[in-house]
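Close look at the chain arrangement
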Amino acid sequence: MADTLYTTISSPIDDLLLTGDGERLTRLYMRPVDGSDWRIGPGWRRDAAPFADVESQLDAYFAGEMRAFDVPLAPAGTAFQRAVWDLLLAIPFGETAAYGELARQLGKPNGSRAVGLANGSNPISIIIPCHRVIGSTGSLTGYGGGLPRKAWLLAHERAAVGQLALL
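The paragraphs below set out a description of the structure included in this document.

Quick notes on the rules
- Each chain carries its own residue numbering, running from 1 in the written order of its sequence.
- pLDDT decides what is reported in this predicted model: residues at 70 or higher carry local features, side-chain atom pairs at 80 or more are listed and counted, and totals for whole chains, interfaces and linings draw on all residues regardless.
- Just so you know, side-chain values use all the structure's heavy atoms and leave hydrogens and water out.
- To form a nonpolar core, buried Ala, Val, Leu, Ile, Met, Phe, Trp, Tyr and Cys residues must be joined to one another through side-chain atoms within 4.5 Å.
- A 1.4 Å probe rolled over the protein chains alone gives each residue an accessible area, and that area as a share of the maximum for its type sets the label: buried under 20%, exposed over 50%, partly exposed in between.
- Secondary structure follows DSSP: runs of H or I at least 4 residues long count as helices, runs of E at least 2 residues long count as strands, and numbering of each begins at the N terminus.
- What makes two residues a contact is simply this: any of their non-hydrogen atoms within 4.5 Å.
- We treat two strands as partners when DSSP finds at least two bridges between them.

Turning our eyes to something else, we now look at the nonpolar core. Across soluble globular proteins, nonpolar side chains show a tendency to be buried alongside one another. Core analysis: the largest hydrophobic core is formed by 38 residues, its most contacted members being Leu25, Leu28, Leu58, Leu88, Ile126 and Ile127. At the level of secondary structure, the elements contributing two or more residues to this core comprise β1 (5–9), β2 (16–20), β3 (25–30), α1 (52–62), α2 (79–90), α3 (99–105), α4 (112–120) and α5 (147–166). In terms of residue count, α1 provides more of this core than any other element does, five residues in total. Residue contacts for leucine 25: discarding those within four places in its chain leaves Leu18, Thr19, Gly20, Phe51, Val54, Val71, Pro72, Leu73, Ala74, Pro75, Ile124 and Ile127.

Most of β1 sits inside the fold, with four of its five residues counted as buried. The turn joining β1 and β2, which pair antiparallel and follow one another in sequence, is formed by six residues; a positive phi near 110° is taken by aspartate 14. Two elements, β1 and strand β4 (residues 45–46), share two bridges in a ladder whose sense is parallel. Across the sheet, the residue bridging to leucine 5 is arginine 45, located in β4.

Quick look at the structure:
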């Protein structure tokens, strides 16, 4: 098994922790809401070089210049979680989908709660856009990064859609 490499980068929503195997991104975590430090795994090795492209793409995203990421991903999860994360990747930039809508797409019309749990287990936030999932009434429900960050990301994308439409 390859070493886990990691780095931290700054962003408008606080520092981000990136991990990977040297070729693929395995995690993108926001600093914990309580301000504590991340739990760095034993044997992880700090190395920013493999993350230069990811950092560049995140910079462009936060600058409102990019709508889609082109990053090799390797999120660890169950088959169901990965199916949910694949649906998240299909939610267009600047738009949202409800938990129930995703559950129906998976053929599990009563699976909103399971979709929510899988969404909450997403190890690659922002790039796998779990922030784009909302409640059936349009409410911002649950977000591991905290609801203020979710609101910020959604507002940022909506503003960027307006800016990009003008180009």
